[in-house]
Amino acid sequence: MWMRATCLLEFYSQVATPFIFTLRPRSGWQQWVGREQYLLTPSVSAIEFTDPFGNLCQRLVAPAGPFSVFTSFDVETAEAADIAPGAHFIGVQQLPEETLPFLYPSRFCESDRCTQLAASITAGVAPGYDQCSAIVEYIRQTIAYTPGSGQLIVSACEVNEQSQAVCRDMSHLGIACCRALSIPARLVVGYLENLQPMDLHAWFEAYVGGRWYTFDPTQPNVQGGRIAIAYGRDAADVAIYTQFGDPVELRTMNVTLERINAPTY
């Protein structure tokens, strides 16, 4: 199916401010970008680069005063997410090299501190996909998804001590537990159809059975209708914008996502 996603960010800064944005989806086997629009107001020079995780990033200096970024994309994506109960665990020695960075502990996913937790959650469960599913079910049962409750980013161990969390932090816990079991796991930021309230969303992917699979502790079932923007080890790698220097006021953030007819262009 085809979906149209938009994102409007409006800032106000007292001085000229350097930014790095990560707002452009890239085409791949999970999605195909058919049209895109990227508007900077006022217009400024921007340079795009690809970060170590393959994300498309834009660096620029915003002038003092009001500044906005508007993006719009038409993307073909799957209506239903792939699931694979029973997909096998892959030993570290057999993993593709590109998955290895997603085995290590990271800033917000301290998997080295989650070994006992992950083992207790998955006791008696077949290694691989079913372990990931057991971890997701544990998070759903113990932590309430509460949009807007996470102004500060917390780590996996911290969120495990809370009764409510946002999508990002719930995914951090899932990632840390998967890595504690030697399953590569990465954070994904993007759009999700019918999310309430509509906003950019975070979920995670785990590498089992020879490919990446989607897992989302915030939803009762894994669903399709997703557009991925950025991948990383944790939230430190997938910020949609990072500003440097004096604080900047984010005055507006508006996100939309809707189904559209297949474009003809």
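Presented here is a report on the structure given in the accompanying data block.

Quick notes on the rules
Residues numbered from 1 in each chain as written. Predicted model: local features only at pLDDT ≥ 70, side-chain atom pairs only at ≥ 80, totals over all residues. Heavy atoms only, no water. Phe/Tyr/Trp six-rings, centres within 6.5 Å; stacked < 30°, edge-to-face > 60°. Helix = DSSP H or I, 4+ residues; strand = E, 2+ residues; numbered from the N terminus. Buried < 20%, exposed > 50% of the residue type's maximum accessible area, 1.4 Å probe, protein only. Polar contact = N/O pair within 3.5 Å; in protein donor to acceptor, adjacent residues only side chain to side chain. Expected span 1.5 Å × (residues − 1). Axes fitted to C-alpha atoms, helices over the stretch in contact; angles between N-to-C directions. Left-handed = near helix turned anticlockwise from the far one by under 90°. Contact = heavy atoms within 4.5 Å. Nonpolar A, V, L, I, M, F, W, Y, C, P; charged D, E, K, R; others polar. Salt bridge = Lys/Arg side-chain N within 4 Å of Asp/Glu carboxyl O. Pairing = 2+ DSSP bridges. Core = buried A, V, L, I, M, F, W, Y, C linked by side-chain atoms within 4.5 Å.

On to the packing of aromatic side chains. According to the stated counting rule, one finds 13 aromatic pairs in the structure shown. Ring geometry for F21 and Y241: centres 6.4 Å apart, planes at 40 degrees, overall tilted. In this pair, F21 is assigned in strand β2 (residues 17-24) and Y241 in strand β13 (residues 241-243), connecting sequence segments 220 residues apart. Classification of Y241 by relative accessible area gives partly exposed; the value is 25%. Aromatic pair Y129 and Y213: ring centres 5.5 Å apart, planes at 90 degrees, arrangement edge-to-face. Highlighted residues: Y129 in helix α2 (residues 129-142) and Y213 in strand β11 (residues 211-215), separated in sequence by 84 residues.

This brings us to the side chain of R226. Its location among the elements puts R226 in strand β12 (residues 226-232). Assessed through its relative accessible area of 8%, R226 is described here as buried. A polar side-chain atom of R226 sits 3.1 Å from a polar atom in the side chain of D216. Reaching out from R226, the side chain makes a polar contact with the backbone oxygen of Q223 at a distance of 2.8 Å.

Our next topic: helix α4 (residues 167-180). With 14 residues, α4 should reach 20 Å at 1.5 Å per residue; the first-to-last C-alpha distance of 20 Å fits that figure. By the criterion of burial, α4 is predominantly enclosed, with 14 of the 14 residues buried.

Two numbers describe how α2 lies on α4: the axes approach to 10 Å, and their chain directions differ by 145 degrees. The interaxial crossing formed by α2 with α4 has right-handed handedness. Only M170, L173, G174, C177 and C178 of α4 make contact with α2, whose side of the interface consists of C132, I135, Y138 and I139. Among the residues making up the contact of α2 with α4, the classes are represented as eight nonpolar, one polar and no charged.

On to the side chain of S13, then. On the secondary structure map, S13 appears in strand β1 (residues 2-13). Once you skip the residues sitting within four places of it in the chain, S13 turns out to touch P63, A64, G65 and V248.

Applying the stated rule across the entire model yields 14 salt bridges. Residue D82 is joined to R211 by a salt bridge in which the shortest nitrogen-to-oxygen separation is 2.9 Å. Residue D82 is found in the loop between β6 (65-77) and α1 (115-121), and its partner R211 is found in strand β11; the two are separated by 129 residues along the sequence. Classification of D82 as partly exposed rests on a relative accessible area of 40%. When its relative accessible area of 23% is taken as the criterion, R211 is described as partly exposed. As a salt-bridge pair, R251 and E249 come within 3.3 Å of each other at their nearest N and O atoms. Residues participating in the shared-partner salt-bridge network are R4, R35 and D74.

Time to look at the sheet that holds β13. Pairing is antiparallel in the open sheet, where four strands are placed in the order β4-β5-β2-β13. Of all strands in the sheet, those bounded by a partner on one side alone are β4 (46-50) and β13. Each strand axis lies, on average, 20 degrees off the axis of its neighbour in the sheet, ignoring direction. Pairing analysis gives five bridges linking β4 to strand β5 (residues 56-62), with the strands arranged antiparallel. By the bridge assignment for β5, E48 is matched with Q58.

Quick look at the nonpolar core now. F21, F67, L173, C178, Y191, F204 and F215 are the most contacted members of the largest nonpolar core, which totals 66 residues. No other element matches α4, which puts eight residues into this core. When neighbours within four sequence positions are excluded, F21 is seen to be in contact with L9, F11, Y38, L56, C57, Q58, L60, F67, V69, I240 and Y241. In terms of nonpolar packing, the next biggest core, distinct from the first, is built from seven residues, F53, L95, L103 and W212 among them.

Turning our eyes to something else, we now look at the pairing of strand β9 (residues 185-192). Within β9, eight of the eight residues are buried, which leaves the element mostly enclosed by the surrounding structure. Direction of pairing for β9 relative to strand β10 (residues 201-208): antiparallel, over a ladder of six bridges. Bridging across to β10, V189 finds its partner in A202.

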